[in-house]
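Overview (structure and organization)
Each chain, written out:
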Amino acid sequence: MFARVSYAVGLASLLGADAASYATIDPDNSGSFPCFRSMEGMRQSMEDLADGSDLVTITDIGESWLKENQGSGRQIPGYAIPEDGHDIYAVKVTDNSASGDKGKMLLTAGVHAREWAPPELVARFLEMLVNGYEVDADITWILKHVEVHAILYVNPDGRHMAERYPELRWRKNMNPEGGCADDESYGTDINRNQNFFWSHPGASDDPCASDYHGDGAESEPESKALADYARSLFPSAQRKDKPEDDKDVAFPETNTGMFVDVHSSGGYVYYPWGHVDLESPNNEALEALGRKMHYFNDYKLWAGGKKDFLYAASGDISDFMYGSLGVASMGFEIGDDWQQDCSTFESDVVPINLPALLHAAKVAAKPFLELKGPDVMSLDASQSNGQIAVSAFASDSEMVNAFNGPEFTTGAQDITEVLLYLDVHPDDYSDATDTRWSMQPVRRRLQACPSIKKRKPCKRTSGCEWLTTTETCRAIPPVVCTEITKKGRCNRAGGGGVCFWDSDKTCKPDKGGSPSIADSFLSGSGEESVELSIDTSTLSTGRHTLYVQAMDSDGYKGPVSSVFVDVSRRRLRGGN
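Note that this is a predicted model, so its numbers are computed, not measured.

Taken together, the side chains of D241, E244, D245 and D246 make up a negatively charged region of the molecular surface. With respect to the helices and strands, the residue D246 is situated in the loop between α6 (221-233) and β6 (258-263).

This part covers the pattern of salt bridges. Evaluated as defined, the whole model comprises 29 salt bridges. With its nearest N and O atoms 2.9 Å apart, the salt bridge here joins R74 to D183. Of this pair, R74 sits in the loop between α2 (65-68) and β3 (87-93) while D183 sits in the loop between α5 (156-164) and α6, and the two are 109 residues apart along the sequence. Residue classification places R74 among the buried residues on the basis of a relative accessible area of 18%. A salt bridge links D375 to K292; the nearest nitrogen and oxygen atoms lie 2.9 Å apart. Of this pair, D375 sits in strand β10 (residues 375-384) while K292 sits in helix α7 (residues 283-297), and the two are 83 residues apart along the sequence. Judged on exposure class, the residue D375 and its partner K292 are both buried.

With that out of the way, let us pick up the sheet that holds strand β4 (residues 103-108). Overall, mixed pairing links the eight strands, which are arranged β2-β3-β5-β4-β6-β9-β7-β8 in an open sheet. The open sheet has two free edges, formed respectively by β2 (56-63) and β8 (300-302), since each of these has just one partner strand. Direction aside, the axes of adjacent strands within the sheet are offset by 20° on average. Looking at chain direction, strand β7 (residues 268-270) and β8 are connected through three bridges and run parallel.

Running from N to C, helix α3 (residues 117-132) and helix α9 (residues 342-362) point in directions that differ by 55°, and their axes come no closer than 10 Å. As the angle between them shows, α3 and α9 are arranged oblique. In this structure, α3 crosses over α9, and the sense of that crossing is right-handed. Of the residues in α9, those touching α3 at A117, E120, L121, R124, F125, M128 and L129 are F345, E346, V350, N353, L354, L357, L358 and A361. Class assignment of the residues belonging to the contact of α3 with α9 gives a composition of eleven nonpolar, one polar and three charged.

Definitions and cut-offs
Residues numbered from 1 in each chain as written. Predicted model: local features only at pLDDT ≥ 70, side-chain atom pairs only at ≥ 80, totals over all residues. Heavy atoms only, no water. Patch = residues over 30% accessible without salt bridge, like charges linked within 9 Å, V, L, I, M, F, W, Y side chains within 5 Å. Areas by Shrake-Rupley, 256 points an atom, 1.4 Å probe, with all protein chains shown as cover. Salt bridge = Lys/Arg side-chain N within 4 Å of Asp/Glu carboxyl O. Lys, Arg positive; Asp, Glu negative; His and termini not counted. Charge placed at Lys NZ, Arg CZ, Asp CG, Glu CD. Helix = DSSP H or I, 4+ residues; strand = E, 2+ residues; numbered from the N terminus. Buried < 20%, exposed > 50% of the residue type's maximum accessible area, 1.4 Å probe, protein only. Pairing = 2+ DSSP bridges. Axes fitted to C-alpha atoms, helices over the stretch in contact; angles between N-to-C directions. Parallel < 35°, antiparallel > 145°, perpendicular 65-115°, else oblique. Left-handed = near helix turned anticlockwise from the far one by under 90°. Contact = heavy atoms within 4.5 Å. Nonpolar A, V, L, I, M, F, W, Y, C, P; charged D, E, K, R; others polar.

Next comes the structure, spelled out in structure tokens:
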């Protein structure tokens with residue numbers, strides 16, 4: 001049996017060494033937080049990761065306020081500040097030997113110093129990618145097609161204080177020049193200092209406030225280092241000339257790039273807009289992103305126009321990445337405490353957020369398109385008697401509609417095509433040189449539709465459809481082509497390929513030629529189980545990669561899923 005690594009289980013086996021193998025956060029020498037590497041321990045572990053893998057590159061991208069202004073730090077009675085400051089580093093993980101344009105994913109953590117868990121989660125994601133390369137098919141193709149970048153500590157001076165003196169609950173950077181008289185409350189909030197609606201409602205001009213926005217957009221070296229690094233990653237051609245003036249103009253669906261800012265705590269996925277309680281012009285794709293993340297981590301959605309919009313945050317990083325750079329952008333609020341206990345982190349934070357981040361990485365190259373398409377929820381392959389049996393389940397709705405509430409627009413389409421590609425990613429496919437097949441629907445035993453009482457089992461059953469108005473399951477009425485009087489409805493009936501508009505301006509059953517993919521799908525459903533058998537005699541011995549991608553009736557192709565298969569030849573005794 002060959003199977004794609006399950007999102008629910010299996011990813012933990014791809015993690016690196018335990019955090020406790022390196023220096024950990026331990027302010028009282030009690031060993032209470034063995035799951036969180038200290039900033040020094042993290043730096044050493046990332047250097048070891050880079051030393052052991054050609055996939056990893058570490059780059060110095062800037063300096064903290066204290067390093068840029070050595071000798072100007074403000075002493076805090078009873079506490080030792082890091083007077084020499086820190087460098088800020090970015091870690092890149094990708095297959096550097098793979099050529100061609102790649103999607104870019106940027107993750108940030110350590111923006112708010114007192115939040116201990118975010119850097120550790122992001123580091124584990126990087127380690128999972130490195131250890132999963134050539135082990136997990138999805139991770140392997142992601143690293144061939146995507147560059148994953150991470151800044152684990154955007155605010156290293158503040159982090160230094162937070163790890164050593166947790167009682168301070170230090171959040172901001174350590175710039176003392178804002179005018180705050182309180183020795184324990186100065187600094188600028190990096191997450192209110194970005195150059196997009198800076199100093200608008202949703203940030204404070206009080207230098208002692210926890211959300212003080214600083215004395216100018218990108219006034220802080222930490223903010224500048226982050227923004228400049230992001231500008232170097234994401235294409236300048238996809239940005240708006242006047243991003244604030246044109247904030248209500250949607251970005252093209254062809255824009256590329258994924259940004260994730262990890263914070264704690266509360267259990268939220270947030271996405272633009274954050275500075276105002278209104279939906280962004282690309283809300284359909286961004287809400288689909290938030291909903292798909294919710295499928296994995298069960299977090300609430302915090303965004304403009306949503307019931308869980310808690311408060312405005314102007315000049316924040318997520319809005320800047322989307323509004324100024326045109327990138328699909330979101331953030332996580334993980335866990336339930338700034339100084340998260342290790343038991344909760346290991347059992348309730350890591351397992352649900354690693355698969356969410358992996359799914360986000362899948363769509364980094366074309367997020368505004370692929371987030372609207374169907375997801376391949378499962379993919380398996382087994383080999384027997386010279387055949388590889390491939391089965392998959394694709395759904396346009398399961399992820400986006402896992403969220404309680406009305407069904408979302410991007411999950412309302414039918415599955416019209418599921419294609420399987422042999423040893424070539426769909427983005428690289430060429431009709432002239434490559435091989436792909438159309439997967440066919442599994443003919444399932446029909447049930448009495450009215451006896452099915454829940455939406456998902458109903459939608460997964462051939463010949464049934466769920467009526468949201470009555471919350472009941474019914475048999476899909478058969479398509480009677482001759483009763484259709486409109487050309488467009490005729491050609492679209494049953495998902496297409498069932499009826500055709502004749503020259504005499506009547507709708508007739510399409511009986512000619514081989515059935516199309518749409519025709520072969522029994523129910524015109526947004527969820528389909530599909531299968532295909534491959535004759536192994538047509539394949540070379542060794543490892544092959546099978547890629548599967550589904551498309552919906554609006555023409556949106558969803559994220560790619562993949563599986564490794566190994567083909568061997570048994571030689572007969574006495575054979576040459």
